[in-house]
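Observations on the three-dimensional arrangement
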Amino acid sequence: MNLIPVGVLGTGKYVPERILTNQELETMVETNDEWIVSRTGIRERRIVAEGQVTSDLCYEASMIALSNAGITADQLDLIIVATVTPDMTFPSTACVLQEKLGAMKAAAFDLSAACSGFVYGLANASNFIATGTYKYALVIGADSLSKITDYTDRNTCILFGDGAGAVVIGEVPEHRGFKSFELGADGTGGPLLKIEGGGSRNPASQATIDQRLHYIYMAGAEVFKFAVRIMGNAADEALRKAGWEKTDIDLLVPHQANMRIIQSSLNRLELSVDKCMINLDKYGNMSAASIPVALAEAAEQGRVKEGDRLVLVGFGGGLTWGATAMVW
Ligand SMILES: CC(C)(COP(=O)(O)OP(=O)(O)OC[C@H]1O[C@@H](n2cnc3c(N)ncnc32)[C@H](O)[C@@H]1OP(=O)(O)O)[C@@H](O)C(=O)NCCC(=O)NCCS
């Protein structure tokens, strides 16, 4: 079977207007700007407005991605929304978005792979296009983490923010597009990063609320160790499958969780910091949105030109990881 080459046709991003600074967090929990910046690299993050929901963030980012791709919503065949903060349990946020966009011929579903969700979504959608099943797909990473963050827990509340990044993918010339995907999961690490309340195991009740089970729980140091190991491994594997060397990378677009994790990936890949897209100082960790927002900003800022070799790599709850090697 001859596969169709698939790549990014347009990108878009949206972050809410409201900024939550480290100084403001100092008034909410026992922390300080110096600690947050030195341990994470984060200075501020964006927070959704009252009444603003994940599908709203998706909509704004998608409209820009569609415009940049030069197609209209009714041409879309598929919508995948990677998120851990859907508007509601069901219908999926992808279906809510389909209606908002008027993309009425598109199949639509949500994908749950936490912070790795966008790369998982790209891999899924690109297979539909490569096989000729679909022509255009919209892949979005979007999260409103402020809705599931415990603002009394200083271990987590300093890290997270809200946003959405979108790409339209479709056929590209042979020399461009996705050259490899590396996806993985390790369910034994599931307890390290989770929300226990609200599912079939612990349906919402007064007890789950009292126990704060509807907020993110994170074993930070354990997740940190996993992240440092897996970011390098996943990127290496994507490079190997693409037949590339480390020196081939023009731009690394990593998940924006912690500057120290990003720096360890740069060391492992022997890359200088100018070959890396970094925006976590402005946005914190936006889960599935981090990579596509960074990619959209790289495009906006002219940091990628046709023919550049990019590696996107992320990790997250599950535990999960995902990387892709792609030519812009
Ligand atoms: C959360 C994280 C920043 C903590 O950094 P760290 O250097 O590992 O810090 P530690 O957890 O060892 O904590 C060191 C001390 O700082 C304290 N501390 C934790 N959060 C703090 C805060 N916001 N402000 C001030 N002190 C804080 C801890 O209580 C601890 O104090 P103790 O030694 O008296 O117990 C880091 O572990 C991390 O980034 N982990 C990965 C998180 C991640 O990527 N999650 C998302 C996955 S998609």
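Here, every reference points to the structure presented above.
In this report, we go over the structure that sits alongside the text. (Residues numbered from 1 in each chain as written. Predicted model: local features only at pLDDT ≥ 70, side-chain atom pairs only at ≥ 80, totals over all residues. Heavy atoms only, no water.)

Observations regarding the overall build of the chain
What the chain contains, in helices and strands, is eleven helices and 13 strands. Here the chain has a C-alpha radius of gyration of 19 Å; the compact-globule value for 328 residues is 20 Å, and the two agree. Along the three orthogonal principal directions, the C-alpha set of the chain runs to about 55 × 45 × 35 Å. For the chain, the proportion of its 328 residues judged to be buried stands at 56%. Sequence-distant contacts, at least 24 apart, represent 76% of the contacts inside the chain between residues at least 6 apart. Between the mean site of the 28 positive side-chain charges and the mean site of the 38 negative ones, the chain shows a separation of 4 Å. (Helix = DSSP H or I, 4+ residues; strand = E, 2+ residues; numbered from the N terminus. Rg over C-alpha atoms; globule rule 2.2 N^0.38 Å. Buried < 20%, exposed > 50% of the residue type's maximum accessible area, 1.4 Å probe, protein only. Contact = heavy atoms within 4.5 Å. Lys, Arg positive; Asp, Glu negative; His and termini not counted. Charge placed at Lys NZ, Arg CZ, Asp CG, Glu CD.)

What about the packing of helix α8 (residues 220-242) against helix α9 (residues 259-268)?
Axis separation between α8 and α9 bottoms out at 9 Å; the angle between their running directions is 35°. The way α8 lies across α9 gives a crossing that is right-handed. Mapping the contact onto sequence places Phe 224, Ala 227, Val 228, Arg 229, Met 231, Gly 232, Asn 233 and Asp 236 in α8 and Arg 260, Ile 261, Ser 264, Ser 265 and Arg 268 in α9. Grouping the amino acids of the contact of α8 with α9 by side-chain chemistry returns five nonpolar, four polar and four charged. (Axes fitted to C-alpha atoms, helices over the stretch in contact; angles between N-to-C directions. Left-handed = near helix turned anticlockwise from the far one by under 90°. Nonpolar A, V, L, I, M, F, W, Y, C, P; charged D, E, K, R; others polar.)

Describing the site of the ligand
Looking at the ligand, there are 23 residues lining it, with Thr 31, Arg 39, Cys 115, Gly 220 and Asn 258 nearest. In the model, a nitrogen atom of the ligand is placed 2.7 Å from a nitrogen or oxygen of the Thr 31 side chain. Asn 258 is positioned with one of its side-chain polar atoms (N or O) 2.7 Å from an oxygen atom of the ligand. Protein burial of the ligand: of its 960 Å² of free accessible surface, 73% is covered by the chains. Take the shell around the ligand: its biggest share by element is four residues, from α8. For the shell around the ligand, a count of residues per class yields eleven nonpolar, eight polar and four charged. (Near = heavy atom within 4 Å. Polar contact = N/O pair within 3.5 Å; in protein donor to acceptor, adjacent residues only side chain to side chain. Areas by Shrake-Rupley, 256 points an atom, 1.4 Å probe, with all protein chains shown as cover.)

Here we look at the pairing of strand β5 (residues 107-111)
As a general feature of sheets, a regular strand has side chains that alternate between the two faces. Summarising the sheet, strand β4 (residues 78-82) and β5 pair through five bridges and their orientation is parallel. Pairing of Ile 80 across the sheet is with Phe 109, part of β5. (Pairing = 2+ DSSP bridges.)

With respect to the pattern of salt bridges
All told, the structure shown has 15 salt bridges when counted by the stated rule. Lys 105 serves as the salt-bridge partner of Asp 77, at 3.2 Å between the closest nitrogen and oxygen. Here Asp 77, found in the loop between α3 (54-69) and β4, pairs with Lys 105, found in the loop between α4 (93-101) and β5; they are 28 residues apart in sequence, far enough to count as distant. Lys 105 sits in the exposed class, given a relative accessible area of 51%. Between Glu 182 and Lys 241 there is a salt bridge; the shortest N-O distance is 2.8 Å. One end of the pair, Glu 182, is in strand β8 (residues 177-185); the other, Lys 241, is in helix α8, and 59 residues separate them in sequence. In this structure Glu 182 comes out as buried when scored by relative accessible area, which is 13%. Overlapping salt bridges, with partners in common, bring together Lys 13, Lys 282, Glu 297 and Glu 300 in one network. (Salt bridge = Lys/Arg side-chain N within 4 Å of Asp/Glu carboxyl O.)

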